[in-house]
Amino acid sequence: MPLLSKRITQINDGGSDGWEILYKSRRMIADGVHVTQLTIGEHDIKTSPRILEAMDRSARGGALGYAPVNGTDRLREAIAKRATRISGVETSPENILVTPGGQAALFAAHAAALNPGEKAAIIAPYYATYAGVIRNLGAVPKILTARSENGFQPMASDLDLEGCRSLLINSPSNPTGAVYGRETLETISKAVKEANAWLISDEVYDAQIWEGRYISPRNLPEMSEQTFVIGSMSKSHAMTGSRIGWLIAPRAAIKALTEQATVTTYGVPGYIQDAAEFALSLGPEFEEEIAAPFRRRRDLADAAFQNDPVIRLIPAQGAMYVMLDIRATGLSGIGFADRLLEEHHIAVMPGESFGEAAAGHLRVALTTNDEEMEAAFQTIKSFAWRLSEQSQRHSAAQ
Ligand code: PLP
């Protein structure tokens, strides 16, 4: 067999993709084991029947051919309207590219920003696919770190963008739940302007803010021409499987990326776009309805781990996860998550999947019903207590 390209064989830099616990839990489920699945960011409800009806109407109405590669006019208008409303920045359909999910928009934004060999900054802890997107483009990820003691908000001293063509941020953040305040965004905007780098803002959790409020970096002085925004219907509308999202960018970038979409995805199915347009027409009330269970379960987590002697909960300001600091148990995040799955059939993500900055932590997705969620928190607590006692006995015996 001829050699495969470095672009595809080095996506994970020779390591793993960080999803092993998910794959293992799926194998257990396939073998008939009941597993509480708290790994992936996917709702415990399905896409609303109202949205499915819109999809069905559209498909039966004939939207089964090639759709416009950049997205239908009506969907791009609906996305632009939403963006204008939440950001306060006038956004036109020419600023929008419809993509198969936020993931494809992340790829498109980096493709627009980077030449092979160039550096692209990401901030740890970061979503598991970020570094791979950059490597797949032949560029080089530069890992910056936001520290736990600063609430995972990056400080000016964390943002060394020397030689970087882009900086990727994610607020509300997966996995930390941090929501960047105005001060943080101003610091970020100053850093990218000084470096003359693109700011790529992953906002797929923009409908899930529990503390603080949504502030768009595009709304900071002179930033709208230097910023790409990643959006998605996955989290805000429980449409993960429909694979629909968007990129907001300056017009020239959208024009060029439409050409890239022509040679890659060739667009998103028309009936999915029509369903997304209908879903957006349901307005912010619908998005709040979808977000409500995560807000509730985040409060349940706060109550369950309050004053816990072993586990420290990192309070989530947004998004559908909580982070637990389990270092006092003496295990790594991977070690803890693996034993939790083996011994208690609860699947969570080890912090290490999100970069070294989250080592010794777990990311728990708030993605099952409240009762099962509560039970999982109690099991995680007692398991952690037991491990911490064992580790203390072990050190006393030495
Ligand atoms: N960005 C972040 C931070 C995510 O957590 C996810 C999915 O979990 C994505 C992007 C990709 O989402 P999608 O492609 O489903 O829109």
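Residues numbered from 1 in each chain as written. Predicted model: local features only at pLDDT ≥ 70, side-chain atom pairs only at ≥ 80, totals over all residues. Heavy atoms only, no water.

Caption draft 1: Just the environment of G333, in detail. With respect to the secondary-structure elements, G333 resides in helix α12 (residues 333–344). Sequence-distant contacts of G333, that is, excluding residues within four places in its chain, are made with I326, P350, E352, G360, H361 and L362. (Helix = DSSP H or I, 4+ residues; strand = E, 2+ residues; numbered from the N terminus. Contact = heavy atoms within 4.5 Å.)

Caption draft 2: The arrangement of the sheet that holds strand β10 (residues 321–325) in detail. Ordered in space as β1-β11-β12-β10-β9, the five strands form an open sheet in which the pairing is mixed. The open sheet has two edge strands, β1 (36–38) and β9 (312–314), and neither has a second partner. Adjacent strand axes in the sheet meet at a mean angle of 35 degrees, parallel and antiparallel pairs treated alike. Relative to β10, β9 is paired through three bridges, and the arrangement is antiparallel. Bridge pairing in β10 places I314 opposite M323. (Pairing = 2+ DSSP bridges. Axes fitted to C-alpha atoms, helices over the stretch in contact; angles between N-to-C directions.)

Caption draft 3: Representation of the pairing of strand β8 (residues 245–248) in the model. Of the two faces of β8, both are covered, the one formed by G245 and L247 as well as the one formed by W246 and I248. Relative to β8, strand β2 (residues 96–99) is paired through four bridges, and the arrangement is antiparallel. Across the sheet, residue V98 finds its bridge partner in β8, namely W246. Here strand β7 (residues 227–232) pairs with β8 via four bridges, running antiparallel. (Buried < 20%, exposed > 50% of the residue type's maximum accessible area, 1.4 Å probe, protein only.)

Caption draft 4: Examining the environment of A156 more closely. For A156, the position within the fold is in the loop between β4 (140–145) and β5 (164–170). According to the relative accessible area criterion, A156 is exposed, its value standing at 55%. Taking C-alpha positions, A156 is 34 Å from P100, a pair spaced 56 residues apart along the chain.

Caption draft 5: A look at the site of the ligand. Taken together, the neighbourhood of the ligand is formed by 15 residues, with G102, D202, Y205, S232 and S234 sitting nearest. At 2.7 Å from an oxygen atom of the ligand is found a main-chain nitrogen or oxygen belonging to G102. In this structure, an oxygen atom belonging to the ligand sits 2.7 Å away from a side-chain N or O atom of S234. Going through the elements one at a time, α5 (101–113) and α8 (233–236) are the ones with two or more residues in the shell around the ligand. Here the shell around the ligand gets four residues from one element, more than from any other, and that element is α5. (Near = heavy atom within 4 Å. Polar contact = N/O pair within 3.5 Å; in protein donor to acceptor, adjacent residues only side chain to side chain.)

Caption draft 6: Molecular detail of helix α4 (residues 73–87). Along its 15 residues, α4 runs 21 Å from first to last C-alpha, staying within 8% of the 21 Å computed at 1.5 Å per residue. Looking at the buried residues of α4, the elements they touch are β2, α8, β8, α10 (270–281) and α11 (283–305). One or two residues past the end of α4 sits G88, with phi positive at roughly 75 degrees. (Expected span 1.5 Å × (residues − 1).)

Caption draft 7: Here's a closer look at the packing of α12 against helix α13 (residues 370–397). Remark: α12 packs on α13, axes separated minimally by 11 Å, with the N-to-C direction vectors making an angle of 115 degrees. In terms of orientation, α12 and α13 fall into the roughly perpendicular class. Note on packing geometry: the crossing formed by α12 with α13 is right-handed. Contacts between α12 and α13 involve F336, R339, L340, E343 and H344 on the former and, on the latter, T379, I380, F383, A384, R386 and L387. For the contact of α12 with α13, the residue count by class is six nonpolar, two polar and three charged. (Parallel < 35°, antiparallel > 145°, perpendicular 65-115°, else oblique. Left-handed = near helix turned anticlockwise from the far one by under 90°. Nonpolar A, V, L, I, M, F, W, Y, C, P; charged D, E, K, R; others polar.)

Caption draft 8: Region of the structure containing α11. Compared with an ideal rise of 1.5 Å per residue, which puts 23 residues at 33 Å, α11 spans 34 Å between its outermost C-alpha atoms and is within 8% of the ideal. Within α11, the full set of buried residues consists of G283, F286, E287, I290, A291, P293, F294, R297, R298, A301, A304 and F305. In the stretch just after α11, N307 is the one whose phi turns positive, near 55 degrees.

Caption draft 9: Representation of the sheet that holds β4. Reading across the sheet, the seven strands line up as β2-β8-β7-β6-β5-β3-β4 and stay open at both edges, with mixed pairing between neighbours. Every interior strand has two partners, whereas the edge strands, β2 and β4, have only one. If you compare each strand with its neighbour and ignore which way they point, the axes differ by 20 degrees on average. In this sheet, β7 lies alongside strand β6 (residues 198–202) in parallel orientation, the contact comprising four bridges. Bridged to L199 within β7 is T227. Contacts from α4 reach β2 and β8, with the element oriented near 115 degrees to β2. Against the sheet, helix α9 (residues 251–263) contacts β2, β7 and β8, and its axis sits at roughly 30 degrees relative to β2.

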